[in-house]
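Listed here are the chains, written in short residue letters.
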Amino acid sequence: MADKIVLTFLTLPIIAWGVLSLLKPELALKYTLGMLHKHIKPNRYFIYNIKISGVAYIIGGVWILFFVWTGRMGV
């Protein structure tokens, strides 16, 4: 049971990053590109890409939690 709780706490930042990417894509893009590319202005394709990856992070995090808590992961 403790291992499921630990894996849940390790998965929550993944889901939080996905939610941040959906709610504030410009901020997520800034941290994704880093300081080397700070001169790049975020156009709509960068924003769409960040939003799509945010959805993928949320789906992946929920998928991991589902397999951990249903016992299909062997934990």
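Residues numbered from 1 in each chain as written. Predicted model: local features only at pLDDT ≥ 70, side-chain atom pairs only at ≥ 80, totals over all residues. Heavy atoms only, no water.

(A) Layout of the overall build of the protein. A tally of regular secondary structure across the protein gives three helices and zero strands. When the 75 residues of the protein are sorted by exposure, 20% land in the buried category. For the protein, the share of sequence-separated contacts (at least 6 apart) that also reach a separation of at least 24 residues comes to 68%. (Helix = DSSP H or I, 4+ residues; strand = E, 2+ residues; numbered from the N terminus. Buried < 20%, exposed > 50% of the residue type's maximum accessible area, 1.4 Å probe, protein only. Contact = heavy atoms within 4.5 Å.)

(B) Layout of the confidence of the model for the protein. Summary statistics for the protein give a mean pLDDT of 85 and a share of 89% for residues scoring 70 or more. The lowest-confidence element of the protein is helix 2 (residues 25–33), averaging 76 in pLDDT; the highest-confidence one is helix 1 (residues 2–23), averaging 91. (pLDDT = per-residue confidence, 0-100.)

(C) The arrangement of a nonpolar patch on the surface in detail. Taken together, the side chains of Met1, Ile5, Phe9, Leu12 and Trp69 present a nonpolar region at the surface, about 530 Å² in accessible area. With three residues, the top contributor of residues to the nonpolar patch is helix 1. Among the secondary structure elements, Met1 is positioned in the segment before helix 1. (Patch = residues over 30% accessible without salt bridge, like charges linked within 9 Å, V, L, I, M, F, W, Y side chains within 5 Å. Areas by Shrake-Rupley, 256 points an atom, 1.4 Å probe, with all protein chains shown as cover. Salt bridge = Lys/Arg side-chain N within 4 Å of Asp/Glu carboxyl O.)

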